[in-house]
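# Structure at a glance
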Amino acid sequence: MARIFSGIQPSGELHLGNWLGAVQNWVNLQQSYDCLFCVVDLHAITGQYEHESLAQRTRDMAIGLLACGVDPSRAVLFVQSHVPAHSELQWLLNSITPLGELERMTQFKDKAQRFESVPVGLLNYPVLMAADILLYRAELVPVGEDQTQHLELAREVARRWNSEFGGGSDFFPEPRPILTEAKRIMGLDGQAKMSKSLGNTIGLLDSPEEIWRKLRPAVTDPARVTRKDPGNPEICNIYYLHKYFSPSETVLRVADHCRGAKWGCLDCKRELADNMIRTLAPIRERALALQHQPGRVEEILGDGAATARRLAAETMRTVRERMGFLTSAD
Ligand code: ATP
Ligand code: MG
C-alpha cells in the first residue's frame, strides 16, 4: 500500500480552501492508502504568531480534522513537534538544499513581504516540508496547488540525497502531489487564495451567523454594480463556490440568474450560505462534541505520535548511517 503524508498548519482556522483543496481528499484516501496526517505546528511559527494560543490552535486543528472524517483507526494523526525527528532531518537536508532554490519559492516571496526583517525559518520552510514527507518515505502528498512548487523542491532534495548518500539505491521515493479539482479556492476578498493568515476565509466550523456575516460582503463580479447589471458567473467566486455546495440544478439557475440579472448578488449569496450551512452542519456538530472530549483527542494524538516516532526512527537510523555519523552506543 503506497504511503501518503500531508500536513496542515495550526496558523488559524481550518477553512473551506483547506477542506476542498486537501482535507476532503485525505478523508477519501485513508480508505485505500497508508496515511499519515500531521498538524504542522513547527511550520506555524515561521510567521508572526501568538505563542499563547499555539497549543489551543493545534488541538483545535486536530479536532477539525477528526470532525471532517480523518479516522484514527485508518490513518495516523499526530502533531509535528511531538516527533523531534522532523527537525533533525530538516537540519540534515539543509546541507544539500541550494539557497537559490529557496529564494525563488513563490510563497517565500509573498510571505517575506509581510516582514521588515525576514526570519530564516520562512526561507527554510520548504526544507522542513521535505523532511516531513521524506521522514516517512511517503510517495504521495495530497495538497492544494499552492504547495506544488514546494513539493517539486522536496523531489529535488530526495534526488540529491539519493545520489550523494543512497549508495546506488533510491532510499527516498520522489513524492508526487495529488490535487483535487478545487485545487485553488479564492478568498472572500477575491484578491488572493483563501488563506488562514490573510483573514479572507470561511471557517469550516463557523456558526451559520458567522458564515452569513462573512459571505455577505464577499467580492463578486465587479461589473454587477446594481441588481440590473448582468454578470459573468465565470469570474465570480460565489458562483465557483456554489459548485461545491449546491445541487447541479441550482448551479445552472445561479448562472442563468446572474447572466440575465434576474436576481441580486445578495440573493445568490443567501442561497449559497444556506447550502453551505447545511453541508457543514455535521462537521460542526462532530467538532463541538469532540471539544467536550479533550481526553479522547489527547489519546488519539498520543497514539499517532508514538506510531510516527517509531516510523521516523527507522528512517533516521538509515539516514544517520548513510550520512556517516558515528553510531551512538545507547
Ligand atoms: P497559511 O496562510 O498560514 O499558509 P493556509 O490557509 O495556506 O495557511 P496551510 O496549512 O498552509 O493553509 O495548507 C494546508 C493545506 O491546504 C495545503 O495542502 C494547502 O495546499 C491547502 N490549501 C491552502 N489554501 C488553499 C486554497 N485556497 N485552495 C486550495 N487548497 C488550499
Ligand atoms: Mg499555506
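Above this note sits the structure.
What comes next is a walk through the structure.

What follows covers the overall build of the protein. On a plain count of helices and strands, the protein comes out with twelve helices and five strands. Over its C-alpha atoms, taken along the principal directions, the protein stretches across nearly 75 × 45 × 40 Å. For the protein, with 330 residues in total, the buried portion stands at 51%. For the protein, the share of sequence-separated contacts (at least 6 apart) that also reach a separation of at least 24 residues comes to 77%. If you sum the accessible surface of the protein, you get close to 15,700 Å²; carbon and sulfur atoms cover 50% of it. In the protein, the 38 positive side-chain charges and the 41 negative ones have mean positions that sit 4 Å from each other.

Here we take up the site of ligand 1. Looking at ligand 1, there are 23 residues lining it, with Lys111, Asp146, Lys193, Lys196 and Ser197 nearest. Between Asn18 and ligand 1, the recorded distance is 3.1 Å, taken from a side-chain N or O atom to an oxygen atom. In isolation ligand 1 offers 590 Å² of accessible surface; the protein chains occlude 98% of this area. Listing elements by their share of the shell around ligand 1, those giving two or more residues are β1 (3-8) and α1 (16-29). If one sorts the elements of the shell around ligand 1 by residue count, α1 sits on top with four residues.

Let us look at the nonpolar core. In this structure, Trp19, Leu65, Leu215, Met276 and Leu280 are the most contacted members of the largest nonpolar core, which totals 58 residues. Considering each element in turn, this core owes the most residues, nine residues, to helix α11 (residues 265-291). Ignoring sequence-local partners within four residues, the contact set of Leu280 consists of Leu16, Trp19, Leu204, Ile211 and Phe245. Grouped together as the second largest cluster of nonpolar side chains are 47 residues, Val76, Phe115, Leu122 and Val143 included.

This brings us to the environment of Cys35. One can find Cys35 in strand β2 (residues 34-39). Given the relative accessible area of 1%, Cys35 is considered buried. For Cys35 and Pro72, which are 37 residues apart along the polypeptide, the C-alpha to C-alpha distance reads 9.9 Å. Sequence-distant contacts of Cys35, defined by excluding residues within four places in its chain, comprise Ile4, Leu29, Gln30, Ala75 and Val76.

Glancing now at the packing of aromatic side chains. Enumeration according to the criterion identifies nine aromatic pairs in this entry. Taking the centre distance of 5.6 Å and the plane angle of 50° together, the rings of Trp161 and Phe165 count as tilted. Remark: Phe165 and Trp161 occur in helix α7 (residues 148-165); sequence separation between them is four residues, near one turn of the helix. The pair Trp161 / Phe165 is uniform in exposure class, with both members buried. Between Trp161 and Phe171 the ring centres are 5.7 Å apart and the planes differ by 45°, which places this aromatic pair in the tilted class. Pair noted here: Trp161 is in helix α7 and Phe171 is in the loop between α7 and β5 (176-178), with a separation of ten residues, a long-range link. Assessed through its relative accessible area of 0%, Trp161 is described here as buried. Of the residues examined, Phe171 reaches a relative accessible area of 8% and is grouped as buried.

Relative to the helices and strands, Ser6 resides in strand β1. There is a polar contact of 3.2 Å between the side chain of Ser6 and the side chain of Trp26. Discounting residues that sit within four places of it in the chain, Ser6 has contacts with Trp26, Leu36, Phe37, Cys38, Val141, Pro142 and Val143.

An α-helix turns once per 3.6 residues; consequently, residues spaced three or four apart project the same way. The complete set of buried residues in helix α9 (residues 237-245) reads Asn237, Ile238, Tyr239, Leu241, His242 and Phe245. For α9, the elements touching its buried residues are α1, α8 (208-215), α10 (248-259) and α11.

Turning to the pairing of strand β3 (residues 75-79), a few remarks are in order. The element β3 is largely enclosed, with a buried count of five among its five residues. Of the two faces of β3, the one holding Ala75, Leu77 and Val79 and the one holding Val76 and Phe78 are both buried throughout. As judged from the five bridges shared by β2 and β3, these two strands associate in the parallel manner. Its bridge partner lying in β3, Leu36 is registered against Val76.

Among the six residues of β1, five are classified as buried, and the element is accordingly described as predominantly covered. Note: β1 against β2, six bridges, orientation parallel. Each residue of the ladder has a partner; that of Gly7, found in β2, is Cys38. Handedness of the crossover is the feature at issue here: the chain leaves β1, passes through α1, returns alongside β2, and the resulting connection is right-handed.

In this section: the state of the cysteines. According to the stated counting rule, one finds zero disulfides in the structure shown. Here Cys68 is not cross-linked by a disulfide; its sulfur's nearest cysteine counterpart is in Cys35, at 15 Å. The exposure class assigned to Cys68 is buried, which follows from its relative accessible area of 9%. Free of any disulfide, Cys236 has its nearest cysteine sulfur in Cys258, 6.1 Å distant. Its relative accessible area of 8% is what places Cys236 among the buried residues.

The rules behind the values
- Residues numbered from 1 in each chain as written.
- Chains lettered and ligands numbered in written order.
- Predicted model: local features only at pLDDT ≥ 70, side-chain atom pairs only at ≥ 80, totals over all residues.
- Heavy atoms only, no water.
- Helix = DSSP H or I, 4+ residues; strand = E, 2+ residues; numbered from the N terminus.
- Buried < 20%, exposed > 50% of the residue type's maximum accessible area, 1.4 Å probe, protein only.
- Contact = heavy atoms within 4.5 Å.
- Areas by Shrake-Rupley, 256 points an atom, 1.4 Å probe, with all protein chains shown as cover.
- Lys, Arg positive; Asp, Glu negative; His and termini not counted.
- Charge placed at Lys NZ, Arg CZ, Asp CG, Glu CD.
- Near = heavy atom within 4 Å.
- Polar contact = N/O pair within 3.5 Å; in protein donor to acceptor, adjacent residues only side chain to side chain.
- Core = buried A, V, L, I, M, F, W, Y, C linked by side-chain atoms within 4.5 Å.
- Phe/Tyr/Trp six-rings, centres within 6.5 Å; stacked < 30°, edge-to-face > 60°.
- Pairing = 2+ DSSP bridges.
- Right-handed = clockwise from strand over helix to strand, strands pointing away.
- Disulfide = S-S within 2.5 Å.

Geometric values such as these leave the question of function open.
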